[in-house]
Amino acid sequence: MFSGWNWVAHGLYLLLNFCSLEVSGGLVQSCGHIIPESPVLALGSNFTALCILNESCLDFGNIYANQIIWKIKNRVVPKEQYREINRTVSSVTFNDTSSLATPLTCNILADGQIEQNIYGIAVTIGLPPEKPKNLSCIVHQVLKLTYPMTCTWNPGRHTFLDTHFRLKYRWPQENFPDCIPKDVNNSCTIPDVQFFVNLEVWVEAANALGKAESDPLVLDPIEIVKPLPPHNLSVNSGILPTVLKLAWENRISGALMKLKFNIRYRTIGDTNWMQVPPEDTASPRTSFSVQGLRPYTEYVFSIRCMKEDGVGYWSDWSEEKTGVTTEDKPSKGPPIWRIIDASRSPAFWTVHLMWKALEPFEANGIILQYEVTVRAKSSPSSPPEKYDVNTTNLTLKLPNGTYEVTLIARNRVGASPPSVLLIPATNSKAPVKNVRTLPKDGKLWVGWTAPNSYVLKYVIEWCLVSNSSDCIIEWQNEPGNVQGTYLKGDIKPFKCYLITVYSLYADGQGSGQSVKAYLQQDRPSKGPTVQTKKVGKAEAVLTWNHLTVDEQNGFIRSYTIFYKTVDGNETAVTVDPSKTEYTLSSLTSDTLYTVRMMAYTDEGGRSGPDFTFTTQKFGKGEIEAIVVPVCLAFLLIVLLGVLFCFNKRDLIKKHIWPIVPDPSKSNIAQWSPQVPAKHNFSSKDQMYPEGSFTDVSVVEIEADDKKSFSEQDLKPFDLLKKEKSTSEGHSSGIGGSSCMSSPRQSVSDSDEGETAQNTSSTVQYSTVVLNGYRDQTPVQVFSRSESTQPLLDSEERSEDHSGGADSTSQRQQYFKQNGGQDETNTDRPCFERTKQITPTNEGDLVGFAQLQISGQSSQLLGLGLQKNTQEAALPDVLQTSIEGQTVRPETVEGNPPSVDEMPKSYLPQTVRQGGYMPQ
Amino acid sequence: MAAADSPSAALRRRDLCSRGIRLAGKMRSDVVDLLDTYVERQGLDASASVAAVEGVPAAAVERWDEQTGTQRLLENLAAYRAFRVLLSQMLEEHREQLGEADAALGRAMASVLLQVSAFAYHLEELLRLESRGPPSEEGAPPPPAPHLGLFERKLRGLGVLRELAQWAVRSARDLRQLTKPSPGSSSVPSRAESP
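This structure is a prediction, so every number in the text was calculated from the model and none was measured. (Residues numbered from 1 in each chain as written. Chains lettered and ligands numbered in written order. Predicted model: local features only at pLDDT ≥ 70, side-chain atom pairs only at ≥ 80, totals over all residues. Heavy atoms only, no water.)

Our next topic: the interface of chain B and chain A. How big an interface is tends to be stated in terms of accessible area lost as the parts join. In this assembly, 16 residues from chain B lie in contact with 17 residues from chain A. Seen at the junction of chain B and chain A, the total is 1 salt bridge. Notably, a salt bridge pairs Arg19(B) with Asp220(A), separated by 3.1 Å at the nearest N-O pair. Applying the counting rule to chain B against chain A returns 5 residue pairs in polar contact (both at pLDDT 80 or more). (Contact = heavy atoms within 4.5 Å. Salt bridge = Lys/Arg side-chain N within 4 Å of Asp/Glu carboxyl O. Polar contact = N/O pair within 3.5 Å; in protein donor to acceptor, adjacent residues only side chain to side chain.)

This is the structure we're talking about:
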């Protein structure tokens, strides 16, 4: 049983499927259908659909209306919108069709599980057509007898449906076929219309949702005609030079429509049309004479027409045709002006007459030539001179005087009225005042205040001021009743123009009043190049050159100087434009400044190049204030020094150049017994006269402990030496021994320095060079002795006794000046001086030996002998030094002994304990 | 007459007359052009003499200036109704003869036919303003199309167009006459009353 029911259900399912195939393929009967079928619905309206099940299907599978499911596309419609009308009919209701979509299907749940489509419909949603609005029609004449009428309207909103428009028209007693638009929905053209009968026109719009008609338009098509423009327009010149005659053909029948016309014209090159007064052409015609034209001028004409009563539309303008009026004589004389050049000759003027060619509307034809007549006013009896000129200028050389120049232009028809110019202009008449300029509309306007007296006309001269070109004068005339005009010419921006206004009278002329002007200003093309003229400690004088007129591009209103230090703020200073120099003050000394300069016009400024300078470290006069006193002080010191040295020259001389005794004058030289014959004292005396020696020998003694003896200490020895030198009786034993060994060498060693030779065989003598002094020939040159042989045995003993070992550690140099004794002390006994020796009495130094000796010992030295005491002898020396203050050496000056009698001890000394005992 | 006395009726009458005059003028102009075309296309001689067309009242009339306005309107209306029938017959014959081969001539004839119809409408409207009302067309049945040969039909058509041109001139004059004040115009008995 169960299997049997199952089999039935399966069969029902197959049947439903088969029924579905029938729906889609239309092959078999459906189990139901939807009403309405494929509805067209108004957007926003409500809609109800019914799904009606076939009775036959009910018997198969217990399918009832309560099992119906409605779907929009694949979306199930809410069950709230369902309504089961009976067991086979279900309805669905939509309050707003905007929620609908295609397809709307009726489905059923078979066995409560399987959803099966029963039927579906397509829903079309749209809007009914709106009433067409703004219907208007126009009849275009396309041919002479063809008058199609085109009507346009506003179709209204989009309906989303296929909406058809029809233009309907009819006569009261006759209907015409509708005009159906092609490809558009807002206009239609009726091929031909008949005039003089009212035509009722309206538009009908219809779609599936309804139909709408526009308001009817009742009109006579003759009232909406746009005719074709007249054609075959011709222009002919008439007899008069100001008239052209136009003729044309109308292309609309006069029986159909009476026309009126518009005629427009313009000159060649002009874009603005002029029009013949409409009232002159308000009646039907095919020709018209245009008057008031300019002679010898080419005009362009065009014409249009419309219905005479003005009802309808103007035609398009006809094709343009040109015509030229005939010539007439020039209407005015050419404007004339002059440039008088009186610089070449004082008695004659070179007068450049120049005039402007007449404008075409003034020339009224082709100017064939100009006639210039020059009449001397000063001599009316003289005949005027006439010139026929083809150009617009004439240069005359006239004697100084007053002339009246008359200019006439002539064409084929006749001559112009004359233009008169007085030469020269006596500038005694009233000039214009307050000449001013104003850029306006891209042109330069010049205004002036007229003089009180009547002015015949004005002449405005101008020229471009430039460094690169001369001032080429341009000019123009203006009538005497104006007080301003635009310059007629190519006025360039950023250029300077010099404008001069002259007032011309019947009997003279006022002086020209000038002004400079720019049509348009700009920033200067460059800035001034600034540089320093003078730089001080706290100020700098800057200088610059004015910009050239070509660089200015406008009126220089001011300069601004910007200066700054490397790390400082920039400071600006505004300078009057007339200046070319400025002094920056309050600058910091010894500082690098950068300065630049800007020139300003009304439109802005431009900066010049940077310039750097450094302020000075010292101000003006500061260096002089320092240097001069210093120099003066130095000079004063030098002068004082010189004076001092000069005053103390002898002292300095003796101090620096001690007197070296002349060995040739030593007694030992004469004393040598071996060569007595050779010893020619006199000759030597002649050779070295006493006091003539100025040669200097310097003796340096190096010692461990240096101490210079004061000259006072040495004075006794000087005296002793002097005495020995001057007295042959006082011959030194040492010298003698020295001479005994070698006469020549004895000369050398016979000096007071023989003590050194005594000290040790290793004592080295300095080189003593006797150069020529004061033009004297040096006699001998003494070289350092290399001899190690003791001069005398006694000396050797003496040396040994006196501790000559110290000579190994000391080196001694002697400088001798022969004859260098202090003259003031020459008469003093040597011993007295010896007594006066005090270490502090340097000012009385007259000794010629400079002595350095080690230790604190002070020792009596004979004949410049310097003896270096050894340590062993030091106590004696100390004793000697202590007691030396009171030592009064025994003098030998009383009677100098002969050579033979000379004791070995040539310097008697009072020796106490441990004292030195000369041999 | 009451309607004619009202200002609007007078304006309407004046407008109808004015436009009727211009329509007549254009109709004449177009008919003259059509005549030239017709003669040319039909291969006729422009100077050919054609007998009076049957059914069309003659445009020429004696004592024309003595006619009343209504009388003029009625004569015109009768003539143009006749022309409308004749031109319709001509247009039909033309289409039968040439098909669309000579469309320009057919369009010109159709245009003239429309103008004739329009003028008849003007006349009917004027008669209505005269409180007379247009006579019924049934009272003037269109003459039956005679069985003519082709050439005869061409000549007949030429006669129709010539007569139409003359009527266009006369109609313009009649309407101008109507625009003039004519106190006795309405006293003249109308022919429309007697069929």
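One broad rule of soluble globular proteins: the nonpolar side chains tend to lie buried together. With 97 residues, the main nonpolar core has Met149(A), Leu167(A), Phe301(A) and Tyr80(B) as its most contacted residues. In terms of residue count, helix α4 (residues 103-129) of chain B provides more of this core than any other element does, 13 residues in total. When residues are assigned to domains, this core turns out to be shared by domain 2 (133-223) and domain 3 (227-325) of chain A, each giving three or more. For Met149(A), the residues in contact, after removing those within four places along its chain, are Cys137(A), Ile138(A), Val139(A), Cys188(A), Thr189(A), Ile190(A), Val193(A), Leu199(A), Val201(A), Leu219(A) and Ile224(A). (Core = buried A, V, L, I, M, F, W, Y, C linked by side-chain atoms within 4.5 Å. Buried < 20%, exposed > 50% of the residue type's maximum accessible area, 1.4 Å probe, protein only. Helix = DSSP H or I, 4+ residues; strand = E, 2+ residues; numbered from the N terminus. Domains from an automatic or database assignment.)

Here the focus is the packing of aromatic side chains. Residue and element names in this part refer to chain A. For the structure on display, the rule yields 19 aromatic pairs over all chains. Ring centres of Tyr563 and Tyr593 lie 6.3 Å apart, and the angle between their planes is 50 degrees; this geometry places the pair in the tilted category. In this pair, Tyr563 sits in strand β44 (residues 558-565) while Tyr593 sits in strand β47 (residues 592-601), placing the two residues 30 residues apart along the sequence. In this structure, Tyr563 and Tyr593 share a single accessibility class: buried. It is Arg266 that lies over the ring of Trp273; its NZ or CZ is 4.6 Å from the centre. (Phe/Tyr/Trp six-rings, centres within 6.5 Å; stacked < 30°, edge-to-face > 60°. Lys NZ or Arg CZ within 6 Å of the ring centre and 35° of its normal.)

Summarizing the sequence annotation, UniProt attributes the feature "transmembrane region" (unreviewed entry) to residues 626-646 of chain A in the numbering used throughout. The straight-line gap between the two end C-alpha atoms of residues 626-646 of chain A is 30 Å; of that span, 100% is helix and 0% is strand. (UniProt positions renumbered as here; feature names shortened; annotations may be inferred.)

Here we come to the packing of helix α3 (residues 69-98) of chain B against helix α5 (residues 150-179) of chain B. Residues and elements named next belong to chain B. Packing of α3 against α5 brings their axes to within 9 Å, and their N-to-C directions diverge by 150 degrees. It follows that α3 is roughly antiparallel to α5 by the angle criterion. At the point where α3 passes α5, the crossing takes the left-handed sense. (Axes fitted to C-alpha atoms, helices over the stretch in contact; angles between N-to-C directions. Parallel < 35°, antiparallel > 145°, perpendicular 65-115°, else oblique. Left-handed = near helix turned anticlockwise from the far one by under 90°.)

Further remarks concern the state of the cysteines. Residue and element names in this part refer to chain A. In this structure the tally under the stated criterion is 4 disulfides over all chains. Here Cys179 connects covalently by a disulfide to Cys188, the sulfurs 1.8 Å from one another. Measuring the twist about the S-S bond at about -90 degrees, one finds the Cys179-Cys188 disulfide to be left-handed. Each member of the pair Cys179 and Cys188 is classed as buried. Here Cys463 is linked by a disulfide to Cys471, with a sulfur-sulfur distance of 1.5 Å. What sets the handedness of the Cys463 and Cys471 disulfide is the S-S torsion sign, and at about -50 degrees it is left-handed. (Disulfide = S-S within 2.5 Å.)

For the rest of this paragraph, the subject is the confidence of the model for chain B. With 84% of its residues at a pLDDT of at least 70, chain B reaches an overall mean of 79. The ipTM for the predicted assembly is 0.81, set against a pTM of 0.55. (pLDDT = per-residue confidence, 0-100.)

Further remarks concern the pattern of salt bridges. Applying the stated criterion to the full structure yields 30 salt bridges over all chains. Between Asp602(A) and Arg557(A) there is a salt bridge, with the nearest N and O atoms lying 2.7 Å from each other. Residue Asp602(A) is found in the loop between β47 and β48 (604-607), and its partner Arg557(A) is found in the loop between α4 (549-552) and β44; the two are separated by 45 residues along the sequence. A salt bridge links Glu125(B) to Arg128(B); the shortest N-O distance between them is 2.4 Å. Linking Glu125(B) with Arg128(B), this pair stays in helix α4, spanning 3 residues, or about one helical turn. On the basis of relative accessibility, which here comes to 15%, the residue Glu125(B) falls in the buried class. For Arg128(B), a relative accessible area of 41% puts it in the partly exposed group. Bridged by salt links that share partners, the residues Arg72(B), Glu75(B), Arg170(B) and Asp174(B) form one connected network.

Mean pLDDT over chain A stands at 74; residues scoring 70 or higher make up 69%. The model gives residues 676-919 of chain A a pLDDT under 50, and that stretch makes 460 contacts with residues more than four places away or in other chains.

To continue, consider the sheet that holds strand β33 (residues 419-423) of chain A. All names here are of chain A. The 4 strands lie next to each other as β30-β29-β32-β33, forming an open sheet whose pairing is antiparallel. Only two strands of the sheet have a single partner each, and these edge strands are β30 (385-389) and β33. Strand-to-strand twist in this sheet, taken as the mean axis angle between neighbours without regard to direction, amounts to 20 degrees. Here strand β32 (residues 403-410) pairs with β33 via 5 bridges, running antiparallel. What sits directly across from Tyr403, in β33, is Ile423. (Pairing = 2+ DSSP bridges.)

Residues and elements named next belong to chain B. At a minimum axis separation of 9 Å, α3 and α4 run at an interaxial angle of 155 degrees. With respect to their mutual orientation, α3 and α4 come out roughly antiparallel. Considering the relative orientation of α3 and α4, their crossing is left-handed.

This part is about the sheet that holds strand β27 (residues 336-341) of chain A. Residue and element names in this part refer to chain A. The antiparallel open sheet is built from 3 strands, whose spatial order is β27-β28-β31. A single partner strand is all that each edge strand has here, and the edge strands are β27 and β31 (393-399). Taking each pair of neighbouring strands and ignoring which way they run, the sheet shows an average axis angle of 25 degrees. Two elements, strand β28 (residues 348-355) and β31, share 7 bridges in a ladder whose sense is antiparallel. Bridging across to β31, Phe348 finds its partner in Pro399.

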